[in-house]
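Summary of the model geometry
The residues making up each chain are set out below.
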Amino acid sequence: MVRTAVAFSPGHISGYFMKVAGESPATTGSLGAGIVIEEGVVASVSTSDVTEVVVGRNDEKGTVLSETAGSPPVEYALERLGVNARVETRCSLPIGAGFGLSAAALLASITAVDALFDLGMDRREIAALAHEAEVVHSTGLGDVAACQGGGIVCRTTPGPEGEIRRFYPEEAIWAVSFGPLPTPEVIGSQAQIERIAAAFPEGCPSDLPEFFRLSRAFAGRSGLVPPEVGAVLAACDAAGVRASMTMLGRGAFAAGDGAEEVFSRFAPPIPLHIAREGFRLLEVRA
Ligand SMILES: Nc1ncnc2c1ncn2[C@@H]1O[C@H](COP(=O)(O)OP(=O)(O)OP(=O)(O)O)[C@@H](O)[C@H]1O
Ligand SMILES: CC(C)(CO)[C@@H](O)C(=O)[O-]
């Protein structure tokens with residue numbers, strides 16, 4: 001009989017970050033600050049003789065936009081756990097566009113695998129394996145650490161066991177996306193990593209306006225802002241809207257009144273919600 005476990009993880013937008021290269025995946029990661037968002041990934045994991053991963057994207061109404069086969073980081077995690085399963089991930093945000101969906105897919109998939117196979121993993125073990133898969137595949141550095149909880153996150157030491165501070169503003173968040181910015185190409189380039197490190201701000205933000213100020217200063221100095229994102233940020237400045245670039249994706253995010261209107265001049269604005277909680281199991285069904 002096929003059994004299925006379903007789990008969810010929020011996504012994460014980095015406002016600013018700095019890579020920390022350790023001797024192993026556990027000590028490699030990033031410092032930085034970002035927003036954990038309720039728009040993440042649901043993973044449904046079913047018993048199967050062979051491992052198969054289907055990556056699905058839906059619109060808000062549930063209509064399937066795309067379905068592709070395979071996810072190297074998720075397959076890596078299953079192999080490390082020594083299990084075969086059919087994994088189906090669902091998200092609505094675009095993949096590779098700075099919403100931390102590889103980390104969300106890993107956290108949700110491993111949480112569901114743990115429940116389905118009664119592996120007895122705790123949250124720290126689930127996060128450690130998800131982080132390892134991210135680092136090994138260069139798909140992320142700090143998103144797993146962030147998605148262990150909700151809120152605006154500031155990470156001052158690397159890895160899921162690092163120092164993490166959170167606060168929970170009520171504001172609505174908006175995003176626009178012009179497409180992906182391949183994470184491995186940026187975090188795998190020594191020149192880019194050095195420039196990013198030089199742009200990294202000291203300290204943690206104490207409120208949302210300060211988070212946007214630090215993120216925006218970082219984006220400007222990082223050399224990562226493509227022209228189309230620069231145009232959106234300039235329009236936000238002119239309208240007095242707090243905004244910055246989604247790291248790492250060709251897009252922008254913003255908070256407060258006026259954000260939706262300014263973004264709608266460039267691309268369809270995407271409404272986002274600051275998450276209150278991190279990854280979690282939803283159900284196990286026979
Ligand atoms: N929703 C998903 N389900 C399963 N695998 C995913 C998902 N999103 C990303 N991945 C895997 O991670 C790989 C790299 O994704 P990438 O890191 O570019 O995406 P992202 O996490 O959405 O973006 P970013 O890291 O810029 O926030 C993909 O090729 C895919 O194998
Ligand atoms: C590298 C990164 C900006 C994008 O995946 C994120 O993982 C982070 O904040 O480390």
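Looking at an unreviewed UniProt entry, one finds the protein named Pantoate kinase and attributed to Methanofollis liminatans DSM 4140. Its UniProt record gives the protein the following Sequence similarities (unreviewed entry) comment, quoted word for word: "Belongs to the GHMP kinase family. PoK subfamily." Check the Catalytic activity (unreviewed entry) section of the UniProt entry for the protein; it says "(R)-pantoate + ATP = (R)-4-phosphopantoate + ADP + H(+)".

This next bit is on the state of the cysteines. Such a bond, covalent and formed between the sulfur atoms of two cysteines, is termed a disulfide. Here the structure, examined in full by the defined rule, presents 1 disulfide. Across the disulfide from cysteine 154 sits cysteine 204; the S-S distance is 1.9 Å. Looking down the S-S bond of the cysteine 154 and cysteine 204 bridge, the torsion is -80°, so its handedness is left-handed. Of this pair, cysteine 154 sits in strand β6 (residues 152–155) while cysteine 204 sits in the loop between α6 (190–199) and α7 (208–222), and the two are 50 residues apart along the sequence. Exposure class is identical for cysteine 154 and cysteine 204. Each is buried. For the unlinked cysteine cysteine 91, the closest cysteine sulfur is that of cysteine 147, found at 13 Å.

Let's shift gears to the pairing of strand β4 (residues 64–69). Two elements, strand β3 (residues 52–58) and β4, share 5 bridges in a ladder whose sense is antiparallel. Directly across from valine 55, in β4, lies its bridge partner threonine 68. Linking two consecutive strands that pair antiparallel, namely β3 and β4, is a turn of 5 residues; a positive phi of about 95° is found at glycine 62 within it.

The subject of this paragraph is the sheet that holds strand β8 (residues 173–180). The strand order β9-β10-β8-β11 describes an open sheet built from 4 strands, whose pairing is antiparallel. Whereas interior strands pair on both sides, the edge strands pair on one side only; in this sheet they are β9 (242–245) and β11 (270–272). Adjacent strand axes in the sheet meet at a mean angle of 25°, parallel and antiparallel pairs treated alike. As judged from the 3 bridges shared by β8 and β11, these two strands associate in the antiparallel manner. Opposite tryptophan 174, over in β11, you have proline 271 as the bridge partner. Contacting β9 and β10 (249–255), α7 crosses the sheet at an angle of about 40° to β9. Where helix α8 (residues 227–239) meets the sheet, it contacts β8, β9 and β10, and its direction lies at approximately 15° from that of β10.

Under the domain assignment, the protein is made up of domain 1 (4–165 + 274–285) and domain 2 (169–272). In this complex, domain 1 contributes 32 residues to the contact, which on the side of domain 2 involves 34 residues. Carbon and sulfur atoms supply 75% of the area buried between domain 1 and domain 2, which totals about 2600 Å² over both sides. Contact with domain 2 buries area across many residues of domain 1, yet Tyr16, Phe17 and Ile274 alone supply 26% of it, more than any other trio. Glutamate 170 is the partner of arginine 276 in a salt bridge, and the nearest nitrogen-oxygen pair spans 4.0 Å. One can count 5 residue pairs in polar contact (both at pLDDT 80 or more) joining domain 1 with domain 2. At the level of secondary structure, the elements contributing two or more residues to the side of domain 1 that touches domain 2 comprise β1 (4–20), β2 (29–47) and β6. Looking at side-chain class alone, the side of domain 1 that touches domain 2 contains 17 nonpolar, 11 polar and 4 charged residues.

What counts, and at which threshold
- Residues numbered from 1 in each chain as written.
- Chains lettered and ligands numbered in written order.
- Predicted model: local features only at pLDDT ≥ 70, side-chain atom pairs only at ≥ 80, totals over all residues.
- Heavy atoms only, no water.
- UniProt positions renumbered as here; feature names shortened; annotations may be inferred.
- Disulfide = S-S within 2.5 Å.
- Helix = DSSP H or I, 4+ residues; strand = E, 2+ residues; numbered from the N terminus.
- Buried < 20%, exposed > 50% of the residue type's maximum accessible area, 1.4 Å probe, protein only.
- Pairing = 2+ DSSP bridges.
- Axes fitted to C-alpha atoms, helices over the stretch in contact; angles between N-to-C directions.
- Contact = heavy atoms within 4.5 Å.
- Domains from an automatic or database assignment.
- Buried area = accessible area lost by both parts, 1.4 Å probe.
- Salt bridge = Lys/Arg side-chain N within 4 Å of Asp/Glu carboxyl O.
- Polar contact = N/O pair within 3.5 Å; in protein donor to acceptor, adjacent residues only side chain to side chain.
- Nonpolar A, V, L, I, M, F, W, Y, C, P; charged D, E, K, R; others polar.

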